[in-house]
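Results of the structural survey
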Amino acid sequence: MSLCHRRRLKGLLLLPTLFLPWIYAKTTIFSKALESNKNRETYFQEDHVNDIYEEDEYEYLDDDGTGYHYPEHDIAMEMASMEIDPGIFVDDDVDATVRTAMDLISAKLENRLRDLFSATRTAECRAKIAEHMALFVNSIAVEVGLPYSEYELENTCPLPTYDFDDLPEGVTLQDVMNVKYSSDTKTFIDDANDLQLLYVILAHDKISQTIRLIEILSRNSENNTFTHIPNFVVHVDAKSKSDGVWRNLIEYYADAENVHIIPNEMRVPINWGGFNMVKATLQCLRYVFCVEPSFCPEHGPIEFHKLIHLASTSYPIKSNTQIRETISKFPLEANLMNVVMSPNLPSFDTWHYFIECDDALHRIYRLSSHLGGGVKLYTSSQWFIISNEFAKYIAFGLDDKESFVHGWTKYARHTVVADEHYFGTILRNTDFCMTHHNNNFLFLQFDSWDNELKPEEKDPSLTKCLFPNPEHW
C-alpha cells in the first residue's frame, strides 16, 4: 500500500465509538514493499539505467543475446557509478588530484543539493539540509555507521509479539488484535460524573469547528451534573494563515478558566507527514504538566484522570454521559489506543530520513528501520485516550536521556508520518504495554484511494508524495 495514496472519509455510522473525525485520513505507513519488480521504470528515471533492461522484462542482455534478471542492487549501483579516466590523476601533486577527484565524486551530490535547495525559502532551512546531508556524507569520510544504522533502544514490555503472517497454532488474528488491559494495578472511579477529563485538540482553521467541539463536550447531559467540568488545551497550527484562528480563540476564551490556548511561543507549523504533527501534541503535554515553568497554565499543572486527544474536526456521536460512562469502565491506568498489533519493519526503499523546515519535508537519504534492544515499530492512531501517568511519562521523558521517549524521539523526528507510529511504539515498547486496551473509540470509514480517482476528481492539495518512487511498491 502506497504512502502517497490517501483515502477519503465517507459516511457516519452509529457504531460503539465515541468520536467521528471529519477529516481526510492517511493510510498506513508500514506496508511492506512487494517482492515484484513492477514499476521499476518509474523508480529509475535515468536514461542510462532504463537502457539496461528491456521494458517489462527487466533482464540484462549480453552480447550473445542471452539474458539474466538484473537485481535491484545492480540497478542502484549503475545509477551511482561513474567511469573515471586514470589519466586525470597523472599529476604528482596529491592535493591537486584530490581536488580533481572531489569535483567528479561530488557532481551527483551537487545536483541532489540543488534539488533540495530549490524547495526551500530561507537560508536557515538550506543550512539545516546541508547539516543533515553532511551527517551521511561525513559518516563515510570518517568511517562510521550511517545515522541510526547502529542505533539501539531498550524494549521493556514483557508481552510477546506476533507476526500476522506466522501466528502460532491456535492463535487467531482476533486474539492478537483484541488486546485488553492486563496490569495488576486497577483503580476505578466510583461515579462517572467524578471523572476528570482533559481534551487536547489540534486545530488549524475554521474557528467555528473548534468552538463547536468545545461547547458540545462541555455540556451536561441527561440530567446529570458533572462534578468536574472538562478542561481543554488547544494547539493552533503556527502557519501564518492560522494566526487569526489563534488570536480569535485567545479572545473568545479569555475568561474561560477551563479552556487553554497554547501560547504562541509553543505553537509549531504542521505539515503533512512531518514530525511537527507529533510535536504539536507533545507541546500540549508539556504545557499541561508545566515542564517548562515559563509556559504553564495560570494556576499550575492541569489535573485530570484521562486525556482525550482529538482533531478540531472531530465530533462526538455519543452523549457526554455515555462518553464518561464508557471511559470510567476502564481502570484509570488504562491507555485506550488503536494499534496494529503486528510489529512492522519498513523496507529499506520506503523508509527515509527527513527534516522539516520552510513548511515542508525534505528527504535526505534512506533510514535504517532496525532498532536494537528488541524495539519494534507499531502502526497506531494519533488520536487516543490515555492515563495521566502515561501522558506525564511522555511529557517529562522528552528531556530525560534515560527514558525510552527521549531516545525514540531522536529517531522518530526524522521519519515520515510519525503521527501514525510515534505514540503506539512508545506504548508497546515500555512497561505501559500492560495498560494497553486496543480501542480508541474513534470511528473512521474509508471509501476510495486517490490514485483510483480520475484526474479531474483528485484534490491537488492531497498529492504529497515524499518519495523518489511515487509507487514504491
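First, a word on what this report is: a plain description of the structure on this page. Residue positions are given per chain, counting from 1 as you read along its sequence in written order. Reporting of local features is limited, given that this is a predicted model, to residues whose pLDDT is at least 70; pairs of side-chain atoms are given and counted only at 80 or more, and all residues count toward the totals for whole chains, interfaces and linings. Working from all heavy atoms in the structure, the side-chain values ignore hydrogens and water.

**Topic: the packing of aromatic side chains**
The description of an aromatic ring pair rests on the distance of the ring centres and on the angle between the ring planes. When two rings of Phe, Tyr or Trp (its six-membered ring) have centres within 6.5 Å they constitute a pair, described as stacked for plane angles under 30 degrees, edge-to-face for angles over 60, and tilted for the intermediate range. In total, this model carries 20 aromatic pairs according to the counting rule given. For the ring pair Phe289 and Phe304, a centre distance of 5.8 Å and an interplane angle of 55° mean the geometry is tilted. Highlighted residues: Phe289 in the loop between helix H10 (276-288) and strand S9 (306-311) and Phe304 in the loop between H10 and S9, separated in sequence by 15 residues. The way it works is that DSSP assigns letters per residue, a run of H or I at least four long becomes a helix, a run of E at least two long becomes a strand, and they are numbered from the N terminus.

**A few points about the nonpolar core**
Ranked by internal contacts, the top residues of the largest apolar core, which has 64 residues, are Val233, Leu282, Leu307, Trp408 and Tyr422. Contributions of two or more residues to this core are made by helix H6 (123-141), strand S6 (197-203), H10, strand S12 (352-357), strand S13 (360-366), helix H12 (388-397), helix H13 (404-412) and helix H14 (422-428). A total of 6 residues in this core trace back to one element, the largest contributor, which is H10. Note on contacts: a residue pair qualifies if any of its non-hydrogen atoms lie within 4.5 Å across the two residues. Ignoring sequence-local partners within four residues, the contact set of Leu282 consists of Phe275, Ile394, Leu398, Tyr422 and Phe423. The nonpolar core is taken to be a set of buried Ala, Val, Leu, Ile, Met, Phe, Trp, Tyr and Cys residues, with the residues joined through side-chain atoms within 4.5 Å. Exposure categories follow from relative accessible area, calculated using a 1.4 Å probe and restricted to protein chains: below 20% of the type maximum is buried, above 50% is exposed, and the middle band is partly exposed.

**Description of a nonpolar patch on the surface**
Residues enter a patch when their relative accessible area is above 30% and they make no salt bridge; the linking distance is 9 Å between like charges and 5 Å between nonpolar side chains (Val, Leu, Ile, Met, Phe, Trp, Tyr). A 1.4 Å probe and the Shrake-Rupley method give the accessible areas. Residues count as covered only by the protein chains that appear here. Just to be clear on terms, a salt bridge is a Lys or Arg side-chain nitrogen sitting within 4 Å of an Asp or Glu carboxyl oxygen. Taken together, the side chains of Met82, Ile84, Ile88, Phe89, Leu104 and Ile105 present a nonpolar region at the surface, about 460 Å² in accessible area. Among the structural elements, Leu104 can be located in helix H4 (residues 94-105). On the accessibility criterion, Leu104 (31% relative accessible area) is partly exposed.

**Let's talk about the environment of Pro346**
Within the secondary structure, Pro346 sits in the loop between strand S11 (335-336) and S12. Taking relative accessible area as the criterion, Pro346 reaches 3% and is therefore assigned buried.

**Here we look at the packing of helix H5 (residues 107-117) against H6**
Angles run from 0 to 180 degrees between N-to-C directions of axes, and those axes are lines fitted to C-alpha atoms, restricted for helices to the stretch in contact. Where H5 contacts H6, the axes come no closer than 10 Å and their chain directions differ by 150°. The two elements H5 and H6 cross, and the hand of that crossing is right-handed. When H5 is examined against H6, the residues Leu109, Arg112, Leu113, Leu116 and Phe117 are found in contact with a partner set consisting of Arg126, Ile129, Ala130, Met133 and Val137. Taken together, the residues of the contact of H5 with H6 break down into 8 nonpolar, no polar and 2 charged. Should the near helix be turned counterclockwise from the far one by less than a right angle, the crossing is left-handed, whereas a clockwise turn marks it as right-handed. All residues other than Ala, Val, Leu, Ile, Met, Phe, Trp, Tyr, Cys, Pro, Asp, Glu, Lys and Arg, Gly among them, are scored as polar; the first ten of these are nonpolar and the last four charged.

**Some remarks on the pattern of salt bridges**
Summed over all chains, the structure comprises 6 salt bridges. The closest approach of N and O atoms between Asp243 and Arg267, which form a salt bridge, is 3.1 Å. Of this pair, Asp243 sits in helix H9 (residues 243-252) while Arg267 sits in the loop between strand S8 (259-261) and H10, and the two are 24 residues apart along the sequence. Relative accessible area serves as the criterion here: at 7%, Arg267 is assigned to the buried category. Among the ionic contacts, a cluster of salt bridges with common partners joins Arg286, Glu292 and Asp399.

**Remarks on a negative patch on the surface**
Just so you know, the count uses Lys and Arg for positive and Asp and Glu for negative, and it drops His and the chain ends. Each charge is placed at NZ for Lys, CZ for Arg, CG for Asp and CD for Glu. Where like charges cluster on the molecular surface, the negative patch consists of Asp91, Asp92, Asp93 and Asp95. Position of Asp95 among the secondary structure elements: in helix H4. The class for Asp95 is exposed, based on a relative accessible area of 51%.

**Notes on the packing of helix H8 (residues 207-218) against H9**
At a minimum axis distance of 10 Å, the contact between H8 and H9 shows a crossing angle of 35°. Both H8 and H9 take part in a crossing whose hand is right-handed. Together, Ile207, Thr210, Ile211 and Glu215 of H8 and Val245, Asn248, Leu249 and Tyr252 of H9 make up the contact between the two elements.

**Some remarks on a positive patch on the surface**
Taken together, the side chains of Lys128, Lys279, Lys401, Lys410 and Arg413 present a region of like positive charge at the surface. Structurally, the position occupied by Lys128 is in helix H6.

**Structural notes on unusual backbone geometry**
With a phi close to 55°, Asp358 is a non-glycine residue in the positive phi region. You can see Asp358 is positioned in the loop between S12 and S13. Notably, Phe441 is not glycine yet its phi reads approximately 55°, a positive angle. As for its position among the elements, Phe441 is in the loop between strand S15 (436-437) and strand S16 (446-449). Note on Phe441: relative accessible area 7%, which makes it buried.

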